[in-house]
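Chain by chain, the residues run as shown.
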Amino acid sequence: LLRKTDVVNILNDIVKTIEDNRQYLTDLDAAIGDADHGINLDRGFKAVRDKMTQFSDKDIGTILKNVGMVLVSTVGGASGPLYGTFFMRMGNVVSGKNTLDENDIVAMFEAGLSGIKERGKAQVGDKTMIDSMEPALNELKKALSEGRGLKEAIEAAANNAYNGVLMTKDIAAKKGRASYLGERSIGHQDPGATSAYLMIKTVADYVD
Ligand code: ADP
Ligand code: MG
Ligand code: MG
């Protein structure tokens, strides 16, 4: 079970993770994009941190919807509207709630990922953030259905997200800026798949 304070703590941990990986994510984007992914996300999550007190006393749904709106208005690029949609859709699913059980967590992740796919029209294998998120969601559902605890299930999800990250090296981009490179994007790891993995790993590290 996750409480509202846990959600706020996780969001603050994600701010820190993105800050720590700002250069790494930007370097990945330099190879196949326009060298701004870490800069974009760091700007967005710092804005989330700065505005957090304006909504941290609300229910979890409202907190997540606000996070999404802040990301949409501050991250920019392709990833801003996509991550923004992810958090807003997660918030919609848990509207009014002050705690999250395993079913809520799966439903949130499912709704968030569906939002990204609808908005960006990409699917697994297009070399995007979906390549780490979808394997993570599948593994989360599998682990929970096998009766493994939340910590173990989210850790398994994060590990499978990392498998997805590595897989992006072997494929050509079909969406986003990297798709302009076509086959020349092969051999490079997708920045968005990497940032999504890092966020999932941050949740896994927090939960106990
Ligand atoms: P921009 O490409 O506009 O500079 P960013 O560098 O912040 O934006 O984000 C790039 C990342 O966005 C890519 O690495 C990829 O994972 C993700 N991305 C791009 N287009 C899509 C899409 N249509 N669907 C899902 N993810 C996408
Ligand atoms: Mg970029
Ligand atoms: Mg850009």
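The text that follows walks through the structure, step by step, so that each part is easy to find. (Residues numbered from 1 in each chain as written. Chains lettered and ligands numbered in written order. Predicted model: local features only at pLDDT ≥ 70, side-chain atom pairs only at ≥ 80, totals over all residues. Heavy atoms only, no water.)

1. A few points about the coordination of the magnesium ion (ligand 2)
Thinking step 1. Ligation of the magnesium ion (ligand 2) by protein atoms is provided by D29 (OD), D34 (OD) and D36 (OD), these donors lying 2.0 to 2.2 Å from the ion.
Thinking step 2. Every donor residue of the magnesium ion (ligand 2) comes from the same chain, spaced as D-x4-D-x1-D.
Thinking step 3. The distance between the magnesium ion (ligand 2) and the magnesium ion (ligand 3) is 3.5 Å, with D34 acting as a donor to both metals. (Donors = N, O, S within 2.8 Å, 3.2 Å for Na, K, Ca; no water.)

2. Here's the deal with the coordination of the magnesium ion (ligand 3)
Thinking step 1. Looking at the magnesium ion (ligand 3), one finds its protein donor set to be D34 (OD) and D36 (OD), positioned 2.0 to 2.2 Å from the metal centre.
Thinking step 2. For D34, a relative accessible area of 31% translates into the label partly exposed. (Buried < 20%, exposed > 50% of the residue type's maximum accessible area, 1.4 Å probe, protein only.)

3. Here's the deal with the pattern of salt bridges
Thinking step 1. Considering all chains together, one arrives at 16 salt bridges under this definition.
Thinking step 2. Two residues, D50 and R49, come together in a salt bridge whose shortest N-O distance is 3.4 Å.
Thinking step 3. Here R49 falls in the partly exposed class, since its relative accessible area comes to 36%.
Thinking step 4. Salt-bridge contacts for E134 lead to K117; the nearest nitrogen and oxygen are separated by 2.4 Å. With a gap of 17 residues between them, E134 in helix α7 (residues 130–145) and K117 in helix α6 (residues 102–120) connect regions that are remote in the sequence.
Thinking step 5. A relative accessible area of 19% means that E134 is categorised as buried.
Thinking step 6. Overlapping salt bridges, with partners in common, bring together E19, R22, D42 and K46 in one network. (Salt bridge = Lys/Arg side-chain N within 4 Å of Asp/Glu carboxyl O. Helix = DSSP H or I, 4+ residues; strand = E, 2+ residues; numbered from the N terminus.)

4. As for empty space enclosed by the protein
Thinking step 1. Applying the stated criterion across every chain, the model contains one cavity of 30 Å³ or more.
Thinking step 2. Taken as a whole, the largest cavity holds about 450 Å³ of empty space.
Thinking step 3. Together, 22 residues line the largest cavity, and I10, F86, M90, M108 and V203 are the ones closest to its centre.
Thinking step 4. Among the secondary structure elements, those contributing two or more residues to the lining of the largest cavity are α1 (4–20), α5 (79–93), α6, α7, α8 (150–167) and α9 (191–206).
Thinking step 5. Looking at side-chain class alone, the lining of the largest cavity contains 22 nonpolar, no polar and no charged residues. (1 Å grid on protein atoms, 1.4 Å probe; cavity = no way out; pocket = protein on both sides within 12 Å on 5 of 7 lines; lining within 4 Å. Points joined across faces, edges and corners; volume = space filled by probe spheres on them. Nonpolar A, V, L, I, M, F, W, Y, C, P; charged D, E, K, R; others polar.)

5. Concerning the layout of surface pockets
Thinking step 1. Space inside the largest pocket adds up to approximately 480 Å³.
Thinking step 2. Lining the largest pocket are 25 residues, and of these A78, S79, K175, G176 and R177 lie nearest its centre.
Thinking step 3. Along the lines of polarity and charge, the residues of the lining of the largest pocket split into nine nonpolar, nine polar and seven charged.

6. Re α5
Thinking step 1. In this model, α5 (15 residues) spans 21 Å end to end at C-alpha, consistent with the 21 Å of a helix rising 1.5 Å per residue.
Thinking step 2. Of the residues making up α5, those classed as buried are S79, G80, L82, Y83, G84, T85, F86, F87, M90 and G91.
Thinking step 3. Residues of α5 that are buried sit in contact with α1, α3 (37–51), α4 (60–74), α6, α7 and α9. (Expected span 1.5 Å × (residues − 1). Contact = heavy atoms within 4.5 Å.)

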